[in-house]
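# Report on the structure
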Amino acid sequence: MSTELITIPAPDGTAEAIVARPSSGEGLFPGVILYMDAFGLRPRIEEMAQRIADWGYVVLAPNVFYREGAAADLAPQTDMTTPEGREAAGKAAFPRVRSLTPSKALPDIEAWIAALRGLPGLARGPIGTTGYCMGARLALRTAAAHPEAVAACGGFHGGGLATDEPDSPHLGLRQARARFVFGHADHDRSMGPEAVARLGAALAEAGLTASNVIYSGAAHGYTMADTSAYHEAAAERHFRELRELLDTTLKGSSGL
């Protein structure tokens, strides 16, 4: 894989990030920020970043939990391919998710965009973002807070994207200008049909081009091949839809 681990100056310290580049080809490439799931930076996230990079992108995957520690220290200590192991890893991870409030996440997002913009080989022009689990919330917030920068936003098995709280991520869609693709998990307690409908209504009200669908039979976490939630067909569907989103919005408008 054509990846490296870098460090980024962040609002409350130094954050690590995986950077993935195309395995072949030369020139400048559009940028994508990949927001990890609750289980953090680990080989599966690196694999996903590289797969996206090989479509012709420079991908930055930051350790959004940098305040809690280094990526290696926060990595799951159990075998998540069993339901019991995944549940145990979740108990350790979920307090970190709750601690990443919007007041912390929004300044961080500025740091992630600046870091991506500063990478060698990055094309001028808009960027894309994709997020998983709680990372989908960060992807949406990135697109809403930086409409001038973000042209494509994907969110997959996201939770809490459209709640009745005053800081719900979906409320920022009125400022966004990106194209969106959401692939929701089936029977997901963190993003049920009512929330999916609320998100869809907000997308429509904002006049945004978007896909907002439930992947039938796919559990929360379906893209993560290192966990018991992995659903190969849904994961591959997500990759197809994400690639189409990125290619149609970023290539040809990247200032090459």
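Before reading further, recall that the structure is shown in the block above.
Below is a short write-up of the structure.

Basis of the calculations
- Residues numbered from 1 in each chain as written.
- Predicted model: local features only at pLDDT ≥ 70, side-chain atom pairs only at ≥ 80, totals over all residues.
- Heavy atoms only, no water.
- Helix = DSSP H or I, 4+ residues; strand = E, 2+ residues; numbered from the N terminus.
- Buried < 20%, exposed > 50% of the residue type's maximum accessible area, 1.4 Å probe, protein only.
- Axes fitted to C-alpha atoms, helices over the stretch in contact; angles between N-to-C directions.
- Parallel < 35°, antiparallel > 145°, perpendicular 65-115°, else oblique.
- Left-handed = near helix turned anticlockwise from the far one by under 90°.
- Contact = heavy atoms within 4.5 Å.
- Nonpolar A, V, L, I, M, F, W, Y, C, P; charged D, E, K, R; others polar.
- Pairing = 2+ DSSP bridges.
- Right-handed = clockwise from strand over helix to strand, strands pointing away.

## Topic: the environment of Leu 119
Inspection of the secondary structure assignment puts Leu 119 in the loop between α4 (102–117) and β5 (127–132). Assessed through its relative accessible area of 11%, Leu 119 is described here as buried. Taking the C-alpha atoms as reference, Leu 119 lies 8.4 Å from Val 58; in sequence the two are 61 residues apart.

## As for the packing of helix α1 (residues 43–53) against helix α7 (residues 232–250)
Running from amino to carboxyl end, α1 crosses α7 at an angle of 45°, the nearest separation of the two axes being 11 Å. By the angle between their directions, the pair α1 and α7 is classed as oblique. With respect to the hand of their crossing, α1 and α7 are arranged in right-handed fashion. Side by side, α1 and α7 meet where Arg 44, Met 48, Arg 51 and Ile 52 of the first sit next to Glu 236, His 238, Phe 239, Leu 242 and Leu 246 of the second. Per-class residue counts for the contact of α1 with α7 are 5 nonpolar, 1 polar and 3 charged.

## Observations regarding the pairing of strand β8 (residues 210–215)
Residues in a regular strand point their side chains to alternate faces of the sheet. As judged from the 6 bridges shared by strand β7 (residues 179–185) and β8, these two strands associate in the parallel manner. Residue pairing across strands places Phe 180 opposite Ala 210, the latter belonging to β8. For the crossover that starts at β7, traverses helix α6 (residues 193–205) and ends in the parallel β8, the hand is right-handed.

## Points about the sheet that holds β7
Read across the open sheet, the 8 strands follow the order β1-β2-β4-β3-β5-β6-β7-β8; overall the sheet is mixed. In this open sheet, the two edge strands, each paired with only one partner strand, are β1 (3–10) and β8. Each neighbouring strand pair of the sheet contributes to a mean axis angle of 20°, computed without reference to strand direction.

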